[in-house]
Amino acid sequence: MTGEPLRADRLYRFYRAGDEETLALQGVSLTVSKGEVVAVVGPSGAGKSTLLACLTGLDEPTGGTVWLGARRLSHQPEALRARLRARQIGVVTQAGNLFGHLSVLDNVKMVQRLGGASNGDAHGLLESLGIAARGGAYPPELSGGESSRAGLAVALANDPPVLVADEPTGELDEATEQTLLILLRQRADQGKAVLIASHSAAVRRSADRVLTLRDGKLAA
Ligand code: ADP
Ligand code: MG
């Protein structure tokens, strides 16, 4: 079909534990275009994290297909999924994606090496996010706002066309949340596709499109 950066076609994800079956995703289809910020909202347990894990290749859907541009991400060998993820998707999580024993700058450089872009301008990236002065700091030394910028720097290390964030503002104060949302919007303005799962009203307001997930299904 099209060259949309991120596309999901009828995703299903079932979890089974003994006799219990949880239908976490029940036929979710979505597209995120270049330049677009899309929010996925819904109550806790609706399936947001499961959806994002499938979209980033961290998890495999039970059924359905995830496409990154013209490349199929789902139902591929783990090593290929990891390679596609490293190059094409920036993942921002609430828990953070930083290694505590590496400085902020080294965290970014390591991710650039993994993505095959060892000549990336890590310092310039930190500058663009307003956190260059903290490049030598270790993650446990960072404030909440600095952590969120550093986490974003790691997600952007390989300049991915797709950025996916799971509750990225969950633990941030309002001002820091606003700053992060502005940075995500700037990415979209640079032609990237941005998907944010959240139940924050500010995230909802900042999005071009809001998708509501409930019991594993998108509301019409
Ligand atoms: P959200 O992020 O919207 O809160 P989740 O995607 O985390 O929702 O969870 C969706 C449903 O799938 C919930 O009912 C949750 O309990 C279940 N679930 C999530 N992960 C697992 C797992 N690894 N094993 C079993 N059930 C799971
Ligand atoms: Mg979640």
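Note that the structure is a prediction, hence the values are computed from the model and not measured.

Colleague: Is there a simple way to think about the site of ligand 1 in this case?
Modeller: Close to ligand 1 lie Tyr-15, Thr-22, Ala-24, Pro-43, Ser-44, Gly-45, Ala-46, Gly-47, Lys-48, Ser-49 and Thr-50, which account for all nearby residues. Lys-48 has a polar side-chain atom sitting 2.8 Å from an oxygen atom of ligand 1. Here Ser-49 contributes a backbone N or O atom positioned 2.9 Å from an oxygen atom of ligand 1. When ligand 1 is considered free in solution it has 560 Å² of accessible area, and contact with the protein chains removes 58% of it. Listed by contribution, the elements that provide at least two residues to the shell around ligand 1 are β2 (20-32) and α1 (48-55). Considering each element in turn, the shell around ligand 1 owes the most residues, 3 residues, to α1.

Colleague: Sorry if this is basic, but what is going on with the packing of aromatic side chains here?
Modeller: The description of an aromatic ring pair rests on the distance of the ring centres and on the angle between the ring planes. Applying the stated criterion across every chain, the model contains 1 aromatic pair. Centroid distance Tyr-12 to Phe-14: 6.2 Å. Interplanar angle 85 degrees. Geometry classified as edge-to-face. According to the relative accessible area criterion, Tyr-12 is partly exposed, its value standing at 35%.

Colleague: Any chance you could explain α1 here in plain terms?
Modeller: Helical geometry: 3.6 residues make up each α-helical turn, so side chains three or four residues apart lie on a common side. Within α1, 7 of the 8 residues are buried, which leaves the element mostly enclosed by the surrounding structure. Lys-48, Thr-50, Leu-51, Leu-52, Ala-53, Cys-54 and Leu-55 are the residues of α1 that are buried. A positive backbone phi angle near 80 degrees is found at Gly-57, which sits one or two residues after α1.

Colleague: Could you clarify how one ought to interpret the sheet that holds strand β5 (residues 71-72) in this entry?
Modeller: Sheets are built from strands that pair by backbone hydrogen bonding, the pairs being arranged parallel or antiparallel. Read across the open sheet, the 4 strands follow the order β2-β1-β4-β5; overall the sheet is antiparallel. Across the chains shown, the open sheet's two edge strands, defined by having one partner strand only, are β2 and β5. The pairing of strand β1 (residues 6-17) with strand β4 (residues 63-68) spans 4 bridges and is antiparallel. Its bridge partner lying in β4, Asp-9 is registered against Thr-65.

Colleague: Even after reading the chapter, I still don't get the nonpolar core, so can you show me in this structure?
Modeller: Most often, soluble globular proteins keep nonpolar side chains buried together rather than apart. Counting 33 residues, the largest nonpolar core has Val-108, Leu-129, Leu-152, Leu-163, Leu-184, Val-194 and Ile-196 as its most contacted members. Every element with two or more residues in this core is listed here: β3 (37-41), α3 (104-114), α4 (122-128), α5 (144-155), β7 (162-166), α6 (174-189), β8 (193-197) and α7 (201-206). Once residues lying within four places of it in the same chain are set aside, the contact partners of Leu-152 are Val-92, Leu-129, Leu-163, Leu-180, Leu-183 and Leu-184.

Calculation criteria
Residues numbered from 1 in each chain as written. Chains lettered and ligands numbered in written order. Predicted model: local features only at pLDDT ≥ 70, side-chain atom pairs only at ≥ 80, totals over all residues. Heavy atoms only, no water. Near = heavy atom within 4 Å. Polar contact = N/O pair within 3.5 Å; in protein donor to acceptor, adjacent residues only side chain to side chain. Areas by Shrake-Rupley, 256 points an atom, 1.4 Å probe, with all protein chains shown as cover. Helix = DSSP H or I, 4+ residues; strand = E, 2+ residues; numbered from the N terminus. Phe/Tyr/Trp six-rings, centres within 6.5 Å; stacked < 30°, edge-to-face > 60°. Buried < 20%, exposed > 50% of the residue type's maximum accessible area, 1.4 Å probe, protein only. Pairing = 2+ DSSP bridges. Core = buried A, V, L, I, M, F, W, Y, C linked by side-chain atoms within 4.5 Å. Contact = heavy atoms within 4.5 Å.

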